[in-house]
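# Architecture at a glance
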Amino acid sequence: MSLWKVFSRGIIEENPYFVLALSLCPGLAVTTSVVNGLTMGLTVWFVITSNNVVVSIIRKTINKKVRVPVYITCIATIVTCVQLFLQAYAPDLYKALGVYLDLVVVFAIILARAESIASKNGIVVSFLDGMGMGVGFTIAMIVISVVRELFGNGTLLGIPMFGPTYQPALILALPPGAFMLIGFLMAGLKMWNESREKAKQLKGSEG
Amino acid sequence: MSYTFIAIMAVVIMTCVGIVFGFILAFADKKFAMEENPLIGEVKEALPQGQCGACGFAGCAKYAEAVVLDPDVPPNLCVPGKAEVADIVAKLTGKVAEATEPKFAHIRCRGGNGIAKMAYEYKGVHDCAAAKIIQQGPKLCKFGCLGFGNCVRNCPFHAMTMGENGIPQVDKNLCTGCGKCASICPNHVIELLPISAKVAVSCSSKEVGGVARKDCAAACIGCGLCMRNCSHAGGVKVVDHLAVVDASICHDCEEATCFAKCPTKAIAALVASAKKEEKIG
Amino acid sequence: MADKKGSGIVKIAMNLILTCFVSGCIIGLVFFVTGPTAKAKAEEMKEQSMKNLVPDADKFVAVEGKKDTFIAEKGGQKVAYIIPTAPKGYGGPIKMLTAVSTDGSVIDFVMLEANETPGLGDNASKPPFRGQFKGKKLENLEVTKEKSDKKHIQAMTGATISSRAVTLGVKEAVEQAAQMGGK
Amino acid sequence: MLNTFKRGGVHPDDGKIYAKDKVIETPAVPDQVVIPMSQHFGAPCTPTVKVGDHVKKGQLIGTSDAFLHADIHASTSGDVIKVAPMPHNMMVKCMAVVIKADGLDEWADGLPEEHDWKTLDTKEIIELIKKAGVVGCGGATFPAHVKLTPNKPVDTFIVNGAECEPYLTCDYRAMIEESDKLVTGVQICMKALGVKKGFIGIEDNKPEAVQHLTEAFKNVPEVTVLACKTKYPQGAEKMMIEACTGRQVEPGGLPMNVGCVVSNVGTVIAITDAVCQGIPFIERLTTVTGDCIKEPKNLRLRIGTTFQEVIDYCGGFSQQPDRVIAGGPMMGLAQYQLDVPITKGASGILALSPEKCQVGEEEPCIRCGRCVDACPMGLIPSQLSIFASCQAWEKCTEYGVMNCVECGSCVYTCPAKRNIVQYIRNAKAQCKAIQRAAQVKAEAQAKK
Amino acid sequence: MMEYFTLFVGAVLINNFVLTKFLGLCIFFGVSKNLNASIGMGFAVTSVITMSTVLAWLLYNFVLVPFGLTFLRTISFVVLIASFVQLLEIIIKKQSPTLYNMWGIYLMLIATNCIVLSVPVISVTNEYGFLENLVFAVGSGLGFALALILMASCREKLDFADVPHALKGTPIAFIVAGMLSLAFLGFSGMI
Amino acid sequence: MSPEAKGQTMGKDAKDMQDFKLTVSSSPHVRCTETIPKIMWNVVAALVPAAAFGVYYFGISALVNIIVAIVSAVVFEFLWEKMMHKKITITDGSAVITGLLLAMTCPPTLPWWMSIIGSFLAIIVCKQSMGGLGYNLFNPAHVGRAGLMVSWPVAMTTWTQVNGTVVDGVAGATPLNILKHGGHDAVLQLFGNDPGTMYQSLFFGFRNGSLGETSTVLLVLGGLYLIYKGYINWQAPVVMIATVGVLTWIFGGVSFGTGLFSGDPLFHMMAGGLIIGAFFMITDMVTAPITLKGQIIFAFGAGLITVLIRLLGGYPEGVCYSILLMNALTPLIDRLVKPAVFGEVKTKGAK
Ligand SMILES: Cc1cc2nc3c(=O)[nH]c(=O)nc-3n(C[C@H](O)[C@H](O)[C@H](O)COP(=O)(O)O)c2cc1C
Ligand SMILES: Cc1cc2nc3c(=O)[nH]c(=O)nc-3n(C[C@H](O)[C@H](O)[C@H](O)COP(=O)(O)O)c2cc1C
Ligand SMILES: Cc1cc2nc3c(=O)[nH]c(=O)nc-3n(C[C@H](O)[C@H](O)[C@H](O)COP(=O)(O)O)c2cc1C
Ligand SMILES: Cc1cc2nc3c(=O)[nH]c(=O)nc-3n(C[C@H](O)[C@H](O)[C@H](O)CO)c2cc1C
Ligand code: SF4
Ligand code: SF4
Ligand code: SF4
Ligand code: SF4
Ligand code: FES
């Protein structure tokens, strides 16, 4: 697999959120506003990439019996550092993300990539994979939060978009709408991926 | 409490945590160590350990166990792992079909709409097996394709489509030769042919010639012209009024001649698929 | 045999211990660097939020024995009390701070933590509703739905519960302030 | 309250007016009879005659070594002109003996031979029934001699005179016209079984039959003539047993598990003939009816007469039928060819116009629960049909698909016009196949 | 007494962790394909949450707070829980295979799941006392189990529905979850 | 067969016979005359009187809402089925019921575009996404209504001003609303402190509320018609209404300090959407359990949750949510409550 592929598969084909359906919680919990969603996306991006790198460095020295606890410790360390930094330099965001920032530690996607990619590959591949997954995850957060903030609150990045007469559809800001929205987004991406696959196959069989 | 103190305490506490849990875990692991099929461990290694449950099992370990112990659990259930993992698991568990010649599904019926005569107007469930229960299906010919597409619906690789004539068609590029369709067809209309097959009979009717012909314009009437025109003795035989190709003899045939004289074109040459050729070579 | 087993345990445990040690070091270091900033930032934010409540005060003195309760001073002069309350709102308790001037009238309030519906109950912290409280006295702190009634607090449409809760929180604060003032 | 089964049931339009009052007629012997070798539940028979043989009426022409089978006899005298697979009303094609009638209709040697049933012992009675090849006329065509030798203690014999199938009237006519034979037959069966209690269950839409039989059985006090509520499927044997005795046969169980044996009216009459006169089962009563038959009739027909001939005898079709059904409209099998013969199980020939048998287009189940209310077996037909259409065979088994008696009450009542019975029959076949495969596998493993 | 009850009902129904707080969704969508698995899982989650929340509460209040190390909350909790659950799993596997098959198999799945971490974290941020902490943990676990079981029964039924191809699987599960949470809104404002 | 008989018949020889093709289908060959459209349109008919009363009482905006909701529901159904290449089923009346019920459970003054969004939620999100008629797990009309409720709670709780009738001047609140915020006395006050007038208004529908829920008498008549036709069971509505009655009688007074057994069951039984819910919504066969026993459990649960929400919850009315919650429980009920298989119980008892 080319390095570009390693990076790019995380964006659409294997989008960690919509396709692999891992780490679903943040996509609903912190996407009421774009800022929060974006911050969460970037945090995960940072954590997954750096953790992939760290794990791929230490992978040879770790006894496989305690592999999982060690990986978790690595992730938790990185997350705690992020927390401390945010607390010091962006306390508002720290508050807005609330408990979900703690939970970055246990997001399945991070551990899964550590186990399946970083513990078996060199630094470059691990890094690119982390980057790709991070981008994919961040994009998912942005897409969801844009829709939810725009229609559920009538604003984008806090700026009113529809004027004062707009009555926001609160359902999108609230849990039910979030679930349904993601359901339809997932279906949409599935349809798109499948049609791309089909197109590829058609091309393949013609050529 | 000064920052220095707290920072140092952080190191101390973390180390303590490490010591406590490190020893507990290591100890427990030794003390309660279980005999485990080493293959399960290996498969578990190969899995992404996302513990996502997407495979339908309760976690990677459980899937690893199932895929090793249960011959019916396919190696490709891990969604996050995708093809690479599936390959590894398949290799570990030996669940890949041995490298035999690839096969494809061939429909042994051409009695589509307007060609095979209908016995009655059928009203009921659109399902081949269910339609066969009552009066053996709506066609006069009771051997051919019923045309309700059970095979199409059950092909796991979407290699089949229902043709406009009411007879399913196989996309040889997509067909993996898994045989699911053949096993599901209530009339056993589908056979798996090696992709090097040169000729094939597209009829299943064991009815005597006259009746077969009356029932369906595309039927094999068992006249034996193919048998007589076969350049390799015994490549085609007529059994129960139906021509049957003997693959072991046909395998070496370069220039098939048997089908040329068939009055109903029930036996015909196959067009080899480009993609499959590649696979062999 | 036993020896070997023991060393196995130590070896495995060492993995985790080392990781934890390193992680402790890193976190300790980061904390050492960011800790002071974070503390300062937190203080600053708290100060800022109280300042927002009572803009003309220059000093906030914590009240002994009462958590999060402050007395705002201006040039050494007591000007207001800042009192925390947590009335029960639509989605659970609403944690809020209310500034009450020494004469018993409301200056302003902030919602620190609330689980009210965004776009509905959450609007309590925004001007049209919040603005009504300025200068209101204990007897005015009742919710009404009568549009013409300007004396009392106008409920937010569709969020009567939140309106009531917030008003109740403010009212409690005023009552507490009266007690403290009397002291 | 009238005797009936507790749960489920439906009330289809009974359509009996067409042939209810038609006295049984006996048409002339046909020119040619086609006698299939499989007319019963059990192993098919093998022909004992070959082309060119001359056979006489009542002569054995097919038999089998299998325990579960019923012998087959020539229904008229003549020459065997063909022994080959021929059209069959239940299985498309079946090995059959075709006899070209010589018009003499001669009895085979020694037939009929008179017996006094009172002097015969159980064994002799059973032997006579076996020799005559009597099978159940109620539809399942179970060999009567097997049924009358239960391997569990029984205490009750029930004659099933419900005739709950709409349109059909031959049992009704038999109860009125051949009540003497019925009375004798019941006593023979009770003697053969050694039971002291008998019931005759009749739906209360046939008051004349109830009255007539009550009269006829006046001197046989151990037999009770019971009017049952008119509710389909009152005639299903489990329902009939419940109505008569209040006992319920457990799922998968046979009537003898609750001490009962159930036989159809026609079967009992055939038994009388077989025991008292030694006459083999070569003719049966069949109702030819429906709104497309010019003159609906109740007929005594030779086995092997083709549907076409029978219909012609009844004046042919008055209008083009949409469906010709062997049996009743609820459980019968629709035919597409009319050269199929009357067999031992053919209780009716029904020709219905499109208006009478609109099956409608199948739609998704709306879960209205009408089928659940209608199912006499306490199943959830809607779920079964959904599981079967999704090929979820284990689910079907879990939901008791094997208990279904295929009565069709669920389909009758379904507003979505779902072909539940068809789904269920398919599911049953698949489940059986799976079970068999598992069994084979287990056996193979056990061998290892 | 009443407040414990309120806390409990709140955790089970009103602030249901899955449907209103979005926690534990990975297992919620992963395991709800099958009713039996979801019952085992619900049981396992409840017990693990309860035990690990108690442990975490002790750790927090007796070690971290005295030393001013509250920022170690996340990392110490996660290591604690992961190790504890692994220990539990190892022991159960050895000692009682039946118990292991009933719920042991689900343990590793939840060891590193956000609901198991978030309950202790929320509990300590809300400064619950020991008993409150316990009630909250049990309530949260049961709330999760309830949602999971409802979801699984719905999905089993949808297996036989004519769901459009694109929506099959996780997408339709999300939509059903949306409707479940819509229904659960009925409980809002009750406390 | 005799030759002369043959001569007289039509289609005398076998060859002629095969000229026309017979139809073959699985048994049974006769079916009852009930069809899905027939059932659905009968339900529509049963709802029409109550809807018509709503139009008469609340005025033209009610009519507009009904029409918009029905038309949009039908159009959404049509568009989706067209897009998915499915059979077009808009004439079967189920979408009409959904639209009608949606309108009937919303305030008469709801902006028309909200009705359209409600229909979208009901038909596309709830019904068609799960496979269309027969497959949806939740009551579409209620999903539409609940969705609107969370989206625009203000519009969904803004009640009309009805002039010239009994409730003149008490705009902006339904009886249950007033009960929630002002207590029982405030409700009585609304009807001139006369319990008789109150019950009368509730019974005939001269009160504020959702478009089609007010007229108890017309809804009950509609329900009785459906029971008479055999489309719904009488047990489910009766159980639900009785549950609400009994529970509100026992606990209804507690929050007003009058102690147990001091509630006003008659008021609770006729107020809000209970009647329309009990007769037309818990009886929606698609989303209710399939067995009668299951339906009774369903009805009891729905009644229980309704009371819980009315007495303790944040909303003044709980019928909609209670039904949705019970819808979620339906698959579980269906799994646990099955009819007794013939013969199973008896043999167990005997052995
Ligand atoms: C999803 C949703 C969220 C709500 N959130 C709040 C809220 O945060 N605060 C509130 O007071 N009412 C809220 N309500 C409305 C209440 O249920 C209730 O209808 C309202 O308080 C009555 O106010 P009114 O008297 O102004 O109509 C909400 C309603 C819904 C449907
Ligand atoms: C496999 C099988 C075995 C049977 N064995 C007996 C039997 O031993 N004794 C008996 O009296 N009936 C036996 N029966 C007949 C049934 O009791 C019943 O009469 C027959 O299935 C026809 O019933 P139906 O017309 O209601 O379908 C058996 C039936 C089947 C299918
Ligand atoms: C749904 C159903 C309806 C039946 N209706 C009748 C009926 O009306 N009359 C009848 O004699 N047998 C009927 N049977 C067959 C009986 O169950 C049973 O097989 C028969 O009475 C046994 O008698 P036999 O062996 O003499 O045929 C019906 C069976 C089923 C499954
Ligand atoms: C008695 C009865 C009640 C119904 N109630 C509703 C209802 O409450 N809401 C609804 O959307 N559809 C209702 N329908 C129509 C239909 O069942 C509904 O659209 C399906 O839920 C869609 O699959 C009802 C139908 C009948 C026959
Ligand atoms: S090939 Fe077989 S399964 Fe496929 S449509 Fe024909 S009969 Fe059905
Ligand atoms: S089912 Fe298998 S063998 Fe048949 S067409 Fe599909 S891929 Fe080929
Ligand atoms: S056919 Fe089977 S499922 Fe249907 S009602 Fe009869 S017994 Fe029940
Ligand atoms: S009668 Fe038909 S529509 Fe009603 S539940 Fe049964 S199968 Fe479904
Ligand atoms: S369970 Fe919460 S992110 Fe996976």
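Residues numbered from 1 in each chain as written. Chains lettered and ligands numbered in written order. Predicted model: local features only at pLDDT ≥ 70, side-chain atom pairs only at ≥ 80, totals over all residues. Heavy atoms only, no water.

### Some words on the UniProt feature "modified residue: FMN phosphoryl threonine" (unreviewed entry) in chain C
All names here are of chain C. Defined as follows: UniProt positions are given in the numbering used here, feature names are shortened, and annotations may be inferred rather than shown by experiment. Secondary structure counts use DSSP, requiring at least four H or I residues in a row for a helix and at least two E residues in a row for a strand, with both numbered from the N terminus. Three labels apply to residues, based on accessible area from a 1.4 Å probe with only protein chains included: buried if under 20% of the type maximum, exposed if over 50%, partly exposed otherwise in between.
Here the UniProt feature "modified residue: FMN phosphoryl threonine" (unreviewed entry) sits at Thr-160. Positionally, Thr-160 belongs in helix 3 (residues 160-182). You can call Thr-160 buried: its relative accessible area is 10%.

### Thoughts on the interface of chain D and chain F
As a reminder of what qualifies: Every residue pair with non-hydrogen atoms within 4.5 Å of one another is taken to be in contact. Two parts lose some accessible area (1.4 Å probe) when they are put together, and adding that loss for both gives the buried area. Salt bridges are defined as contacts in which a side-chain nitrogen from Lys or Arg sits within 4 Å of a carboxyl oxygen from Asp or Glu. Identification of polar contacts relies on pairs of N or O atoms within 3.5 Å, with a donor-acceptor requirement for protein atoms, meaning one able to donate a hydrogen and the other able to accept it, and with residues adjacent in sequence counted only if both atoms are side-chain atoms. Any residue outside Ala, Val, Leu, Ile, Met, Phe, Trp, Tyr, Cys, Pro, Asp, Glu, Lys and Arg is labelled polar, Gly included; the first ten of those are nonpolar and the last four are charged.
Listed per partner, the contact involves 77 residues of chain D and 51 residues of chain F. Buried surface at the junction of chain D and chain F, summed over both partners, amounts to about 5600 Å²; 58% is from carbon and sulfur atoms. Of all residues in chain D, the largest losses of buried area upon contact with chain F belong to Gln248(D), Ile366(D) and Arg367(D), amounting jointly to 13% of the total for that side. Notably, a salt bridge pairs Arg367(D) with Asp334(F), separated by 2.9 Å at the nearest N-O pair. Applying the counting criterion to the chain D and chain F interface returns 15 residue pairs in polar contact (both at pLDDT 80 or more). Listed by contribution, the elements that provide at least two residues to the side of chain D that touches chain F are helix 6 (237-245), helix 8 (307-313), strand 14 (323-326), strand 15 (333-335), helix 9 (370-374), helix 11 (393-398), helix 12 (409-413) and helix 13 (420-447) of chain D. Take the side of chain D that touches chain F: its biggest share by element is five residues, from helix 8 of chain D. Each residue belonging to the side of chain D that touches chain F can be placed in one class, and the counts come to 37 nonpolar, 20 polar and 20 charged.

### A look at the side chain of Thr50(E)
Here Thr50(E) shows up in helix 3 (residues 35-64). Ignoring any residue separated from it by four or fewer positions in sequence, one finds Thr50(E) in contact with Leu134(E), Ala137(E) and Val138(E).

### Overview of the interface of chain B and chain F
The following threshold applies: Strands pair, by our definition, only if DSSP identifies at least two bridges between them.
Facing the eight residues of chain B at the interface are six residues of chain F. Carbon and sulfur atoms make up 66% of the surface buried where chain B meets chain F, a total of about 600 Å² over both sides. For the pair chain B and chain F, the interface holds three residue pairs in polar contact (both at pLDDT 80 or more). Where strand 2 (residues 121-123) of chain B and strand 1 (residues 23-25) of chain F come together, three bridges link them in parallel fashion. In the strand pairing of strand 1 of chain F, Lys123(B) is matched with Ser25(F).

### A word on the UniProt feature "binding site: [4Fe-4S] cluster 2" (unreviewed entry) in chain B
Residues and elements named next belong to chain B. UniProt feature "binding site: [4Fe-4S] cluster 2" (unreviewed entry): in the numbering of this structure it lies at Cys-141, Cys-145, Cys-151 and Cys-185. Mapped onto the secondary structure, Cys-141 falls in the loop between helix 5 (128-133) and helix 6 (150-154). Overall, Cys-141 belongs to the buried group, its relative accessible area being 14%. Cys-141 has contacts with Ser-205 and Asp-215, leaving out every residue within four places of it along the chain.

### A word on the nonpolar core
Which entries qualify depends on this criterion: Put simply, buried Ala, Val, Leu, Ile, Met, Phe, Trp, Tyr and Cys residues joined by side-chain atoms within 4.5 Å make one nonpolar core. Throughout, the edges of the domains are those of an automatic or database domain assignment.
Ranked by internal contacts, the top residues of the largest apolar core, which has 255 residues, are Tyr17(A), Leu25(E), Phe28(E), Phe29(E), Leu72(E), Phe138(F) and Phe280(F). Inspection of this core shows a minimum of three residues originating in each of domain 1 (36-155) and domain 2 (166-207 + 216-336) of chain F. Non-local contacts of Phe29(E), meaning those with residues more than four positions away in its chain, are made with Leu24(A), Phe179(A), Met151(E), Arg155(E), Ala173(E), Phe174(E) and Ala177(E). In terms of nonpolar packing, the next biggest core, distinct from the first, is built from 52 residues, Leu182(D), Val186(D), Ala192(D) and Val265(D) among them.

### Considering the arrangement of the chains
For the 13 pairs of chains in contact, the maximum contact count is reached by chains D and F. Over all C-alpha pairs, chain A and chain D never come within contact, reaching a minimum spacing of 22 Å. Across all C-alpha pairs, the smallest distance from chain C to chain D is 37 Å, and the two are not in contact.

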